[in-house]
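# Residue-level structure breakdown
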Amino acid sequence: MPVHVLSEGAGPGAQVPAHLTRISISLISTSIDCSKKTVKGKVVHKGRLVSLADDDFILKTVIQEEDSQPDTTSINVVLLGALAKDFNQAVNQGVSRPPPPADPRSPLAAKRSSTLSAEVSRAPKAPKYTYVKLGDLKPGAVVNVYGVVVFFKQPFKSRGTDFCSTLKITDPSNRKIGCTVFCEKLDNHPKIFRIGDIIRMHRVKTQFFNDSITLVNTFGFSVVTFDGTVGGAVEPRASSRSFHFDQEDRRTVEELRSWAASQTVLPSAPTIPLSAVQPKAYFDLTCQLLARADIDCTCTLLRVWDGTRCPHRLLKVIVAPDAIEGPSSFSTEKEKLIANILAYDNHVESAKQLKIGDFLRIYNLRAIPGSSKVPGLTSSQSDQVDHLAFHLHGGTAYGRGIRVLPENSPDVQELKRTIEGFAEDDELNDSALLEIWSTPPESPSDAGTAESSTERSCSHDVQPTTLSELKRSDPGGVHHVRVQLRSYEPQRLHQALKLYCSKCTSMQDVPDDELVAGLFSEASGDSGPCTPPAWALSGRVNIPGGSSGSSKRALGVHLSTQLMSEGKTKELIFLMGSTLAETCRLASGYQNIVPVRSSGGQLTLLDLSAPFLFRGRKRYYGCRRCSEAALREPSAEGVELIDEKIVAEALGIQLLKFCLLMKLELQDATDTLEVFLWRDAELFFSVSAEDAAANQEAQDRIRQTMDFLSSPEGSTGECPWLDVCLSAYRAADDGGQNRTCYQICHTAFTKLPSEPARS
């Protein structure tokens, strides 16, 4: 079916078949027959041509009525098959054209829309793929296959411009097939985390090599991998943003998982924690990167932990503090859990790409016992006898390498749980929790038989103790106490709200409105001309006045053309030149607003001291240390709701989490004790910190809880009694001295039904 492109100035009906009748876009609806109708318009957006299978294509475009104003109607069109291919070759964005009538072989879906509220066109029928069993492979064919990974190497640099991945797979035919993947971009390589993962490859070529069939990627290659654990979530790890995956694929993955679990074809998993490492062993380690330092051009030091303690004495590496990326020191207890890994040769370059806080899997790590000398540090580093050293030797033999694991990986989730278990003994940034507050002891009245206003949710089998006994006990562990609240800080509860980065474990105050308003004012003052990104469609939006009678003004707004074509126009806008108050008013009409400014003639994000995103009344901030912020087009393909995580990932921003941090002074008949309320503060108040940052009702609940706990009750005139679980840990203060700290955990406030309500 041909595509007709009209030249500029072409007369009415030029090049249009005579049997077609032209109608206005505004008249198109699902209730009329459009089979012999045509419209004339300009292509204002042309998406990329996507190949679904051999000779099967799809393309999205947006056509606006000719001579129409920007706020008039347009039409979304989805082209399929040969028609999509012809359109891609014949039409450029900005060309006036009449879309041809619907082809019975290529049904297209189109609905009316405006440029600020586009609707999603009807999705095409998903393609059907055929998969060849590995035992049926013949040379010289391009095929689609499924398999279970029995060996793999991380991508390594080839002699050309590409990276190379090698792996070996099998399936129930019990045939093992080698695979080689050459791709210039690392993201296009298989995301394999361990032996036993399931892999699906489309468009791989079979060929003979060393008297056996091997697979090599070819044009249109795509790959998806899955965790191989039976019963685990079937989460695709894809090399492209769009891929086909349905219930039949899910069944195939689950069948391969079950088959692999029942076979002996898979070698035993070498992944073990630090607590199980034995000398002379080669093993895979799942861990978190805490710090790194370059020793010399052939060796890099990686300081990692997995929340467990190696039973052997580990090699200590002395590095100048200014040479370390990340914290240069940790608390005494945490240092006992940290392993120093020396990565050599080709792994030095890989290590430079790692970020502090990344979760890693290090493959084929070697535990070397005995005397170890650190390269490049011979003048300051002495031989250490009977210490265990961890070396990642150069090369890629036996799959040796480093892989960054995504945070949603099951192995990372398990690692986080292990690390959080230690966190009760060693806090995020201990000196930050110790730099304030001290009050002399005082002995209040006895608890008697009064009922508690809190309950513990832990399962610790420990006997209740008094505060004086607790202070005399050895540091560490958990303790149950029955206490009253004597005082708390900060008294202004909004100051208890903090921003926490899970990557670098830093904590900071939430910027006040005066500071944020100043940043917006400074950004709005720079209203010089700027060039928006190629993917953005620019326009204007009216900001309503703050009070009746006040004037409206129009501000620059930029929209993602991809989101517009998907009918998600109002779900995300980039707003330029607004004040803080105007942004807050406009936030009620759009799901996500990203404030931007002009800088050097380009559109950029605001300084990360200001919120990078507004979602209704909620504001979201990014970590200045861990973010690599840049204005990029977000992708929402296959996503029902665009939330703060999707926006932050698209913009390269490490999202900061709201948390509550308070210091409480507790008392019983024997002593007083200062404790922190942080990790389980949301459990204690039954309020999320994110809600407390934007919701008055949540703020009132925290205030009422603290007022109740610090106010005398009943005929005795005593404050309510609390059953509390405390974790004890050692931490270094600003002077470098270790002291014991305490934190409330596994405890929730529960007001007794018999107590009168307090306003």
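Residues numbered from 1 in each chain as written. Predicted model: local features only at pLDDT ≥ 70, side-chain atom pairs only at ≥ 80, totals over all residues. Heavy atoms only, no water.

Per an unreviewed UniProt entry, the chain goes by Protection of telomeres protein 1 and derives from Sparus aurata. What the UniProt record of the chain gives under Sequence similarities (unreviewed entry) is the line "Belongs to the telombin family." (UniProt positions renumbered as here; feature names shortened; annotations may be inferred.)

### Focus on the overall build of the chain
Assigned secondary structure in the chain consists of 14 helices and 39 strands. Considering only intrachain contacts with a sequence separation of at least 6, the fraction spanning at least 24 residues in the chain is 66%. Roughly 36700 Å² of accessible area belongs to the chain as shown, and the carbon and sulfur atoms make up 49% of that amount. (Helix = DSSP H or I, 4+ residues; strand = E, 2+ residues; numbered from the N terminus. Contact = heavy atoms within 4.5 Å. Areas by Shrake-Rupley, 256 points an atom, 1.4 Å probe, with all protein chains shown as cover.)

### Remarks on helix 1 (residues 81–90)
Burial in helix 1 covers these residues: G81, L83, A84 and F87. Mapping the buried residues of helix 1 onto a view down its axis gives an arc of 150°, with all of them on the same face. Away from the buried face of helix 1 by more than 90 degrees, exposed residues A82 and Q89 are located. (Buried < 20%, exposed > 50% of the residue type's maximum accessible area, 1.4 Å probe, protein only. Arc of directions from axis to C-beta.)

### Some remarks on the environment of E420
For E420, the location among the structural elements is in helix 5 (residues 410–423). Sequence-wise, E420 and G307 are 113 residues apart; in three dimensions their C-alpha atoms are separated by 7.9 Å.

### Focus on the side chain of Q654
Tracing the backbone shows Q654 in the loop between helix 11 (644–651) and strand 34 (657–660). Residues within four places of Q654 in sequence aside, it is in contact with C501, S502, K503, Y621, G622, C623, C626 and S627.

### A look at the sheet that holds strand 25 (residues 497–500)
Taken together, three strands build an open sheet; the order of strands is 26-25-34 and the sheet is antiparallel. Each end of this open sheet is capped by a strand with a single partner; those strands are strand 26 (507–509) and strand 34. The mean angle between the axes of side-by-side strands here comes to 40°, regardless of whether they run parallel or antiparallel. Bridge count for strand 25 against strand 34 is four bridges, and the pairing is antiparallel. By the bridge assignment, L499 is partnered in strand 34 with F658. (Pairing = 2+ DSSP bridges. Axes fitted to C-alpha atoms, helices over the stretch in contact; angles between N-to-C directions.)

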